[in-house]
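So the chains spell out like this:
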Amino acid sequence: MFDKGFFGDLFDFNNDGKLDMFEQAADFAAFQQMIKQAEVDESGLDSNELKFMSDDER
């Protein structure tokens, strides 16, 4: 078990001072979402929008 995750003890739902597997997963999912939102193209479109667009639409 990890003592702290990416966001400290924010996801320590049971307040035991350690992150169990569920809490680690929630911490990591929040981190991934934050990274995904940061991946924005110059046009202001995120990576998911760009995947479904043709080259002409970009």
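Attention here is on the structure that accompanies the text. Since the structure is predicted, the reported quantities are computational estimates derived from the model, not experimental observations. (Residues numbered from 1 in each chain as written. Predicted model: local features only at pLDDT ≥ 70, side-chain atom pairs only at ≥ 80, totals over all residues. Heavy atoms only, no water.)

Turning our eyes to something else, we now look at the overall build of the chain. Broken down by element type, the chain carries 2 helices and 0 strands. Counting over 58 residues, the chain shows a buried share of 10%. If you take every contact in the chain between residues at least 6 apart in sequence, the share linking residues at least 24 apart comes to 7%. Surface summary for the chain: the accessible area is close to 4,700 Å², and the carbon and sulfur share equals 55%. (Helix = DSSP H or I, 4+ residues; strand = E, 2+ residues; numbered from the N terminus. Buried < 20%, exposed > 50% of the residue type's maximum accessible area, 1.4 Å probe, protein only. Contact = heavy atoms within 4.5 Å. Areas by Shrake-Rupley, 256 points an atom, 1.4 Å probe, with all protein chains shown as cover.)

Examined against the element boundaries, Asp27 turns out to sit in helix H1 (residues 21–38). Among buried charged residues, Asp27 stands out as having no salt bridge; its nearest opposite-charge side chain is Lys4, 10 Å away. Ignoring any residue separated from it by four or fewer positions in sequence, one finds Asp27 in contact with Gly5, Phe6, Phe7 and Phe11. (Lys, Arg positive; Asp, Glu negative; His and termini not counted. Salt bridge = Lys/Arg side-chain N within 4 Å of Asp/Glu carboxyl O.)

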